Amino acid sequence: MGIGRITRHLLQHHWRAKQVFPQDVLDRIEQAIKQSETTHSGQVRFVVEGALDGRPLFRNQHARERALDVFSHLRIWDTAHNNGVLIYLLLADRDVEIIADRGIDAKVGAAGCEAICRAMEAEFAAGQFERGVIAGIAAVSRELAKHFPPGGVHPNELPDKPVVM
């Protein structure tokens, strides 16, 4: 665990997420999720965490491990067709992780999710956070539409509202 990472997380903490993702941006992200879910029967969640603190930070928890915790905590795995997807951003590390439930993961795989993550991170490096998130939602939704097209009535099993931790 590097002192630089600890310092970055302690200094950026939660205020940074609210600065980069003010309410109007969160509202547009929510609308992008709502719209995307009309094109497939999957479920998409977006979570941004400003920084780790306490035990996760001092345990040197990496974004992937944290994303798995969040995926479980938010019960994204609990969808009828095992096609829930978490897009998780750990802002202090500018690290995006996509956790896909087993139904969609079997179709897209780690390489497909990783490509979407890297494209989002490139947008973030350019300071384009909203554009990066919305592009990531669109890319995930294209994959879901390919493998889980909308069929009849499908309930919205998970909230569309982004989570800021």
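Residues numbered from 1 in each chain as written. Predicted model: local features only at pLDDT ≥ 70, side-chain atom pairs only at ≥ 80, totals over all residues. Heavy atoms only, no water.

Colleague: Can you help me understand the packing of aromatic side chains in this one?
Modeller: Given two aromatic rings, their pairing is described by the distance between the two centres and the angle made by the two planes. Counting across every chain of the model gives three aromatic pairs. Aromatic pair Phe-21 and Phe-129: ring centres 6.1 Å apart, planes at 75°, arrangement edge-to-face. Here Phe-21 is found in the loop between helix 1 (3-20) and helix 2 (23-36), whereas its partner Phe-129 is found in helix 6 (residues 129-147), with 108 residues between them in sequence. Exposure remark for Phe-21: the relative accessible area of 2% places this residue in the buried category. Of the aromatic side chains, those joined through ring pairs into one cluster are Phe-21, Phe-46, Phe-124 and Phe-129. (Phe/Tyr/Trp six-rings, centres within 6.5 Å; stacked < 30°, edge-to-face > 60°. Helix = DSSP H or I, 4+ residues; strand = E, 2+ residues; numbered from the N terminus. Buried < 20%, exposed > 50% of the residue type's maximum accessible area, 1.4 Å probe, protein only.)

Colleague: Help me understand the environment of Pro-162, please; the structure alone is not making it clear to me.
Modeller: As for its placement among the helices and strands, Pro-162 is situated in the loop between helix 6 and strand 4 (163-164). Through-space distance from the C-alpha of Pro-162 to that of Val-25 is 10.0 Å; in sequence the pair is 137 residues apart. Each residue touching Pro-162, except ones within four places of it in the same chain, is listed here: Leu-26, Ile-29, Glu-30 and Phe-46. (Contact = heavy atoms within 4.5 Å.)

Colleague: How should empty space enclosed by the protein be read in this particular structure?
Modeller: The gaps of empty space that remain are located by a probe, the size of a water molecule, rolled over the atoms. By the definition in use, this model includes one cavity of 30 Å³ or more. Taken as a whole, the largest cavity spans an internal volume of roughly 60 Å³. Its residues assigned to classes, the lining of the largest cavity comprises eight nonpolar, no polar and one charged. (1 Å grid on protein atoms, 1.4 Å probe; cavity = no way out; pocket = protein on both sides within 12 Å on 5 of 7 lines; lining within 4 Å. Points joined across faces, edges and corners; volume = space filled by probe spheres on them. Nonpolar A, V, L, I, M, F, W, Y, C, P; charged D, E, K, R; others polar.)

Colleague: Is there a simple way to explain helix 6 in this structure?
Modeller: End to end, helix 6 covers 27 Å across 19 residues, agreeing with the expected 27 Å (1.5 Å per residue, within 8%). What helix 6 keeps buried is the set Phe-129, Gly-132, Val-133, Gly-136, Ile-137, Ala-139, Val-140, Ser-141 and Leu-144. (Expected span 1.5 Å × (residues − 1).)

Colleague: Which parts of the structure should I look at to understand the pairing of strand 3 (residues 95-100)?
Modeller: Note on strand geometry: in a regular strand, side chains alternate between the two faces of the sheet. Counting buried residues in strand 3 gives six out of six residues, a clear majority hidden from the surface. Both faces of strand 3 are covered, namely the face carrying Asp-95, Glu-97 and Ile-99 and the face carrying Val-96, Ile-98 and Ala-100. In this structure, strand 2 (residues 84-90) lies alongside strand 3, joined through six bridges in antiparallel fashion. Bridging across to strand 3, Leu-90 finds its partner in Asp-95. Adjacent in sequence and paired antiparallel, strand 2 and strand 3 are bridged by four residues, among which Arg-94 carries a positive phi angle near 50°. (Pairing = 2+ DSSP bridges.)

Colleague: What's the story with the sheet that holds strand 2 in this structure? I'm lost.
Modeller: Note: strands within a sheet are paired through backbone hydrogen bonds, in either parallel or antiparallel orientation. The four strands are arranged 3-2-1-4 in an open sheet whose pairing can be described as mixed. Pairing within the sheet leaves two strands with one partner each, and these edge strands are strand 3 and strand 4. Helix 5 (residues 102-125) rests against strand 2 and strand 3 of the sheet, and its axis sits at about 165° to strand 3. Against the sheet, helix 6 engages strand 1 (43-49), strand 2 and strand 3, with an angle of about 160° to strand 2. (Axes fitted to C-alpha atoms, helices over the stretch in contact; angles between N-to-C directions.)

Colleague: Would you take a moment to explain helix 2 for this structure?
Modeller: Working note: α-helix, 3.6 residues per turn, so residues spaced by three or four point in the same direction. End to end, helix 2 covers 20 Å across 14 residues, agreeing with the expected 20 Å (1.5 Å per residue, within 8%). Buried residues of helix 2: Val-25, Leu-26, Ile-29, Glu-30, Ala-32, Ile-33 and Ser-36, and no others. The buried residues of helix 2 occupy an angular sector of 155° when the element is viewed end-on, so they sit on one face. Contact partners of the buried residues in helix 2: strand 1, helix 6 and strand 4. (Arc of directions from axis to C-beta.)

Colleague: In this structure, what is going on with the nonpolar core? I would like to understand it.
Modeller: Buried together is how nonpolar side chains tend to be arranged in soluble globular proteins. Residues Phe-21, Phe-46 and Ile-87 are the most contacted members of the largest nonpolar core, which totals 32 residues. If you list the elements that add at least two residues to this core, you get helix 1, helix 2, strand 1, strand 2, strand 3, helix 5 and helix 6. The element best represented in this core is helix 5, accounting for seven residues. The residues contacting Phe-46, other than those within four sequence positions of it, are Phe-21, Ile-29, Ile-33, Ile-87, Leu-89, Val-133, Pro-162 and Val-163. Counting residues in hydrophobic clusters, the runner-up holds twelve residues, among them Ala-63, Phe-71, Leu-86 and Leu-158. (Core = buried A, V, L, I, M, F, W, Y, C linked by side-chain atoms within 4.5 Å.)

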